[in-house]
Amino acid sequence: MALPAGTVIRADQSLIIGSGDSWVGRVVLDVGRNPDAAYAFFLDTYPAQGWTVVSAVRGKTSLLVLTRQERTATLEMMDGGVLGSSLIALTMAPRNAPVVSPKKF
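Position labels on residues start from 1 in each chain and follow its written sequence. In keeping with the model being predicted, local features are shown solely for residues with a pLDDT of at least 70 and side-chain atom pairs are shown and tallied solely at 80 or more, while totals for entire chains, interfaces and linings include all residues. Computation of side-chain values: all heavy atoms of the structure, hydrogens and water removed.

## Considerations on the packing of aromatic side chains
By convention, a stacked pair of Phe, Tyr or Trp rings (six-membered ring in the case of Trp) has centres within 6.5 Å and planes under 30 degrees apart, an edge-to-face pair has planes over 60 apart, and any other such pair is tilted. Evaluated as defined, the whole model comprises 3 aromatic pairs. Ring centres 5.4 Å apart and planes at 85° place the aromatic pair Phe41 and Phe42 in the edge-to-face group. The exposure class assigned to Phe41 is partly exposed, which follows from its relative accessible area of 22%. Among the aromatic residues, ring-to-ring pairing joins Phe41, Phe42, Tyr46 and Trp51 into one connected group. Here, a charge over a ring means that NZ of Lys or CZ of Arg falls within 6 Å of the ring centre while also lying within 35 degrees of the ring normal. When the ring centre of Tyr39 is taken as origin, the NZ or CZ atom of Arg58, which lies over that ring, is 4.7 Å away. Relative accessibility under 20% of the residue-type maximum defines a buried residue, over 50% an exposed one, and the middle range a partly exposed one, all with a 1.4 Å probe and only protein chains included.

## Considerations on the pairing of strand β5 (residues 61-68)
Strand pairing is assigned whenever DSSP detects at least two bridges linking the two strands. In DSSP terms, a helix is any run of H or I states spanning at least four residues, a strand is any run of E spanning at least two, and both are numbered starting from the N terminus. Two strands pair when backbone bridges link them, and strand β4 (residues 52-57) and β5 are joined in this way by 5 bridges, in the antiparallel orientation. Of the residues in β5, the one forming a bridge with Thr52 is Thr67. Of the strand pairs in this sheet, β5 and strand β6 (residues 71-78) are connected by 8 bridges, and their pairing is antiparallel. By the bridge assignment for β6, Arg68 is matched with Arg71.

## Side note on the environment of Leu90
Tracing the backbone shows Leu90 in strand β7 (residues 87-94). Excluding anything up to four places from it in sequence, Leu90 contacts Met1, Trp23, Gly25, Arg26, Val27, Ala73, Thr74 and Leu75. Residues count as neighbours in contact if any of their non-hydrogen atoms are within 4.5 Å of one another.

## So, the pattern of salt bridges
Salt bridge, as used here, is a side-chain nitrogen of Lys or Arg placed within 4 Å of a carboxyl oxygen of Asp or Glu. Summed over all chains, the structure comprises 2 salt bridges. With a shortest N-O distance of 3.4 Å, Arg10 and Asp30 are connected by a salt bridge. Here Arg10 is found in the loop between β1 (8-9) and β2 (15-17), whereas its partner Asp30 is found in strand β3 (residues 24-30), with 20 residues between them in sequence. On the basis of relative accessible area, Arg10 is assigned to the partly exposed category, the value being 27%. For Asp30, a relative accessible area of 15% corresponds to the buried category.

Listed below in structure tokens is the structure:
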């Protein structure tokens, strides 16, 4: 998946299961101090790669939900403010996965 220039993956906060186009999990990305550019990057680049925008919300915490074939990508973008880096949590999951309620032990 394409990422904005200068993006750093925070491996200690990420969990990736699988590889290639079939991976699932959560990747935390540090996109520096320009969350507007990162938001525009994902909103422009991913539809050009065949992803369909399902939902787009822009604010201090922004959300993008995209689908492609049998996959769903959810991007939660947290603005770091004037002095902090902005982070993106990218969650990749199967599109029609069965929902399983947690069981109480």
